[in-house]
Amino acid sequence: MNMRPLDILFIEDCQEDIDLAKEVLRDEKIKNRLKIINNGEEAVAYLKTSKSSQAHFPPDVIVLDLNIPKKNGFEVIKEIINDNELKKIPLIIFTTSDLSVEALEKYKLDFRQYVKKTIDFHEFGEAVKTIDQKRQPQQNEFMPKKDINKGELKILLVEDNIEDAELIEQLIWMKEKYQWKTQRVERLEEALKCLSDGYFDVVVLDLFLPDSRGLDTLNKLIAKQSSTPVVVMTGLNDETIGCQAVQKGAQDYLVKGQITSDMFIRSLEYAIERKKLERMKDELLSYVNHELSNPLTIIKESISQIAEGLLGDVNAKQKHFLGTSLSSINRLIMITEDLLLSTKLELGKLSIEKEIFNLSELVREIMATFQASFAQKGLELKSVLPSEAIKLNADRSRIGQVLTNLLNNALKYTSQGDVKIIVEEKGNVVQCVISDTGQGIAEEDIPKLFKKYEQLLSHKRKGQNGTGLGLFICKTLVELHAGRIDVESHLGIGTKFIFTLPKMQGDIDERAEDFNN
Amino acid sequence: MNAQKILIIEDEFDIAQLIKHRLELEGYRVITAADGEDGLAQFIKERPDLILLDLNLPKINGYEVCRRIRRDQHDDTPILMLTSKSEITDRIIGRVKGADCYMFKPFEAGQLLKEIKSLLETANDQ
């Protein structure tokens, strides 16, 4: 049933690059067996014996660094393309410089694919993934096809109730349009294993399983495998959890007992298409963000230099307009960053990099960056921090981001009074409260607060539009740390954001560790 | 006066010129290179006190430039990596050995100057 891991022959002598490549393969969730050979001579010998030897088979793909000892990459390529069997193996050239690629062209060597190192590590992952998906499966196992019109789909059905499972299987068989292949498992643990071992077009997931219950089931699944679309099954009268699941990253939900065959098939088809669109959105955003960074840098730095008077005297009126331009550019930069980050969070692509640090110190650092803007508005920024250090094992820069976003909000929506940060230990959590004396949030707006792109009507009136992503980002980041965030607010009196993070226990916090893998 | 020399390796001409302008006003001597190959050649010829290095460069990328300076040249001239925030750099950051400091584009000029100053001071102390 399972595809065997992809056999990769990696001809490379630099340990750093090997490590980076391994990391990319892990990120892309490509199951592989890596054979590393650090010189050309040995690599050629290995490839030649692989044709006849029982000990090892030819690899599925060869990744070749051009700059290796003994026989260099060019010579290795020559040996490969002069051999009728070896030249069929996909080859990825791995090089740091365009110069080698020019040289390859000069040699008129027939290489099929090359990838430049490092910057294009993403490209490397994509190239290997393409090869992985295209390779011929052994023992008549049929290929996973991406194109659903071709009619072959692999479904992973995660359901512990045998009657429900049989019903679903029946629904699938009723439609003859497709050649379905279902694999059923009862436990989340088994499902995770299936997903890491083989390819599935879609997962049909019951949230209540023997080893995991509720939305947590979905979270764990997405944390392990974010690229496969998920359709969630819920019980009758329990649509709320279905809606929540869709917000958490499921592509659709179905209510058991209300499903017809047509509806079921359509839901699976849409789920697959929706996931494709999500992926495209992610790639587009990443691309746009990257392409915008240079022009934004140029505009920002040019205007800064003029505004600072580095290119000659600037009168007050000019300075004012330059200042307005700069703050607009900064907002634009913030929007692009928030968009990229929130998309990553949504797709479960962000990993938390933990370190041990003192929260009070971080709070003081972040506050320092805000002092000037608060003073400008005539507001006071105060803090109450415990005298002893508050140690956390968390992603320092991400927690800093949560604080920054919350302070940004407080600053934006408060016109008089003060903003206060209180940090204290409470039982087994560390609590951080950021309260302001601002305009407050209407009760009916509170449920919308942490959702993406929700620009609250009451705030829009004041012409204070942010990205609508700040609080969504805060919530997701806090939850990635196994913490929670809440809000209390009264119109005209002020708003209080309260977030808690688990206290450092020993060296490792297991739950957040899960998200990391 | 013996001004300190900074090498900017950046393929976006306008960015290189803007940084050059600002640094010259601060009293530094500035040399620029538009790709990794030229950057390495300039480094060997000019022996700058500090290098501002873009990650995504033609011919030889910033990561490799950094490695060649450290590994092949056995040189510990401070290197400040200036790169755009994207998925890939996120992953690579921290794994690229040898750079002393990272900054993201679009940068705050004040912060850039501060980092440059502190890197140069640390280098002088040693």
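We now turn to the structure provided with this report.

Cut-offs applied
Every chain's residues receive numbers from 1 upward, in the order its sequence appears when written. Chains and ligands are labelled sequentially in the order written, the chains with letters from A and the ligands with numbers from 1. With pLDDT at 70 or above as the cut-off, local features in this predicted model cover only qualifying residues; side-chain atom pairs require 80 or more to be listed or tallied, and sums for whole chains, interfaces and linings still use all residues. Computation of side-chain values: all heavy atoms of the structure, hydrogens and water removed. A run of H or I in DSSP becomes a helix once it reaches four residues, and a run of E becomes a strand once it reaches two; helices and strands are each numbered from the N terminus. The cut-offs for exposure are 20% and 50% of the maximum accessible area for each residue type, with area from a 1.4 Å probe on protein chains only; residues under the lower value are buried, those over the upper are exposed, and the others partly exposed. Contacts were defined at the residue level, with two residues in contact if any of their heavy atoms lie within 4.5 Å. Surface accessibility in these figures is a Shrake-Rupley result with a 1.4 Å probe; residues are shielded only by whichever protein chains are displayed. When DSSP finds at least two bridges between two strands, those strands are taken to pair. Think of each axis as a best-fit line through the C-alpha atoms, taken over the contacting stretch in the case of a helix, with angles from 0 to 180 degrees between the N-to-C directions. For the handedness criterion, the strands are oriented away from the viewer, and a crossover whose path from the first strand over the helix to the second runs clockwise is classed as right-handed. Multiplying 1.5 Å by the residue count of a helix minus one yields the expected span of that helix. When we speak of the arc, we mean the arc of directions from the helix axis to the C-beta atoms.

## Some points on the overall build of chain B
Part 1: Summing up its helical and strand segments, chain B has five helices and five strands in all.
Part 2: Counting helices and strands in the order they occur from the N terminus, chain B gives β-α-β-α-β-α-β-α-β-α.
Part 3: Here chain B, with 126 residues, has 56% of them falling under the buried criterion.
Part 4: Long-range pairs, those at least 24 residues apart, make up 59% of the contacts in chain B between residues at least 6 apart in sequence.
Part 5: Carbon and sulfur atoms provide 44% of the accessible area of chain B, an area that totals close to 5600 Å².

## Describing the side chain of D83 of chain A
Residues and elements named next belong to chain A.
Part 1: Checked against the element boundaries, D83 lands in the loop between helix 3 (73-81) and strand 4 (91-95).
Part 2: Judged by its relative accessible area of 9%, D83 is buried.
Part 3: In contact with D83, other than residues within four places in its own chain, are K48 and K51.

## Overview of the sheet that holds strand 6 (residues 152-158) of chain A
Residues and elements named next belong to chain A.
Part 1: Overall, parallel pairing links the five strands, which are arranged 7-6-8-9-10 in an open sheet. Because the sheet does not close on itself, it has two edges, and the strands there are strand 7 (179-185) and strand 10 (252-255). Across the sheet, the mean angle separating the axes of adjacent strands is 20° when strand polarity is ignored.
Part 2: With four bridges joining them, strand 9 (residues 230-234) and strand 10 adopt parallel strand pairing. Considered in strand 10, the bridge of V232 is made with Y253.
Part 3: Packing against the sheet, helix 6 (residues 162-174) makes contact with strand 6, strand 7 and strand 9, and its axis sits at approximately 170° to strand 7.

## Focus: the pairing of strand 10 of chain A
Part 1: By the alternation rule, side chains of strand 10 of chain A split into D252 and L254 of chain A and Y253 and V255 of chain A, which are all buried.
Part 2: Handedness of the crossover joining strand 9 of chain A and strand 10 of chain A through helix 9 (residues 239-247) of chain A: right-handed.

## Quick notes on the sheet that holds strand 17 (residues 494-502) of chain A
All names here are of chain A.
Part 1: Within the open sheet, the five strands sit side by side as 12-14-15-17-16. Their pairing is mixed. Here the strands that pair on one side only, and so sit at the sheet edges, are strand 12 (380-384) and strand 16 (484-490). Taking the axes of each pair of neighbouring strands and ignoring which way they run, one obtains an average angle of 15° across the sheet.
Part 2: Relative to strand 17, strand 15 (residues 429-436) runs antiparallel, the two sharing seven bridges.

## Observations concerning unusual backbone geometry
Part 1: Note that the residue after K105 of chain B, namely P106 of chain B, is joined by a cis bond; omega there is -5°.
Part 2: Examined against the element boundaries, P106 of chain B turns out to sit in the loop between strand 5 (101-105) and helix 5 (109-125).
Part 3: In this structure, A482 of chain A is a non-glycine residue whose phi angle is positive, near 60°.
Part 4: By secondary structure assignment, the location of A482 of chain A is in the loop between helix 15 (470-480) and strand 16.

## Describing the environment of L40 of chain B
Residue and element names in this part refer to chain B.
Part 1: Structurally, L40 is set in helix 2 (residues 36-46).
Part 2: Taking the C-alpha atoms as reference points, L40 and I60, 20 residues apart in sequence, are found 9.1 Å from one another.
Part 3: Dropping the residues within four chain positions of it, L40 is found in contact with I60, V65, R68 and I69.

## A closer look at helix 1 (residues 13-25) of chain B
For the α-helix, the turn length of 3.6 residues means that residues three or four positions removed from each other point alike.
All names here are of chain B.
Part 1: An ideal rise of 1.5 Å per residue puts 18 Å on 13 residues; helix 1 measures up with 18 Å between its terminal C-alpha atoms.
Part 2: Every buried residue of helix 1 is listed here: I15, A16, L18, I19, R22 and L23. Looking straight down helix 1, one finds its buried side chains confined to an arc of 165°; they lie on one side.
Part 3: Of the residues flanking the end of helix 1, it is G27, one or two places downstream, whose phi is positive at about 95°.

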